[in-house]
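Next come the chains, spelled out residue by residue.
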Amino acid sequence: MATSGLLAAAVARAMEAGNAGRADLVVDRAHGRVIDASGGNVLIRAASRARGADGTLVLRSPSRAVRRMLDVLRLREVLTVE
């Protein structure tokens, strides 16, 4: 919750800098241990926005705890996770 605003701002900047309006984003979670519902909401909105711009959003290298939270929140149904 404390950093979801920072994540949302970083995603928005990356999408605005997209190639010809297309948004292909990779959110690397290799160094993040946890994610909460507010962070999940940021990712859902970003993935939806990317799809609307004919792009993608990939969540890369989430920790075991983040993967569990994604499963609990059923976010793997709407997010691409590597």
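This text gives an overview of the structure that appears in the document. Values in this document were obtained by computation on a predicted structure and should not be read as measured data. Residue indices begin from 1 for each chain and proceed along its sequence in written order. pLDDT decides what is reported in this predicted model: residues at 70 or higher carry local features, side-chain atom pairs at 80 or more are listed and counted, and totals for whole chains, interfaces and linings draw on all residues regardless. Note: side-chain values were computed over all heavy atoms of the structure, leaving out hydrogens and water.

Any Lys or Arg side-chain nitrogen located within 4 Å of an Asp or Glu carboxyl oxygen qualifies as a salt bridge. What the rule picks out here adds up to two salt bridges. Here E82 makes a salt bridge to R60, at a shortest N to O gap of 2.8 Å. With E82 in the segment after strand 3 (80–81) and R60 in strand 2 (residues 56–60), the pair connects residues that are 22 residues apart, well separated along the chain. For D71, the salt bridge is made with R76, and the minimal N-O distance between the two is 2.8 Å. Under the scheme applied here, a residue whose accessible area is under 20% of the maximum for its type counts as buried, over 50% as exposed, and between as partly exposed, the area being computed with a 1.4 Å probe on protein chains only. For R76, a relative accessible area of 37% gives the class partly exposed. Strands are runs of DSSP state E lasting at least 2 residues, helices are runs of H or I lasting at least 4, and numbering of each runs from the N terminus.

Helix span, as expected, comes to 1.5 Å for every residue beyond the first. If you check helix 1 (residues 4–16), its first and last C-alpha atoms are 18 Å apart, about what 13 residues at 1.5 Å a residue would give, namely 18 Å. S4, V11 and M15 are the residues of helix 1 that are buried. For helix 1, the angular spread of buried residues about the axis comes to 35 degrees, placing them on one side. The exposed set on the far side of helix 1, more than 90 degrees from its buried face, consists of L6, R13 and E16. As used here, the arc is the angular range of directions from the helix axis to the C-beta atoms.

Attention now goes to the environment of A9. As for its position among the elements, A9 is in helix 1. On the basis of relative accessibility, which here comes to 32%, the residue A9 falls in the partly exposed class.

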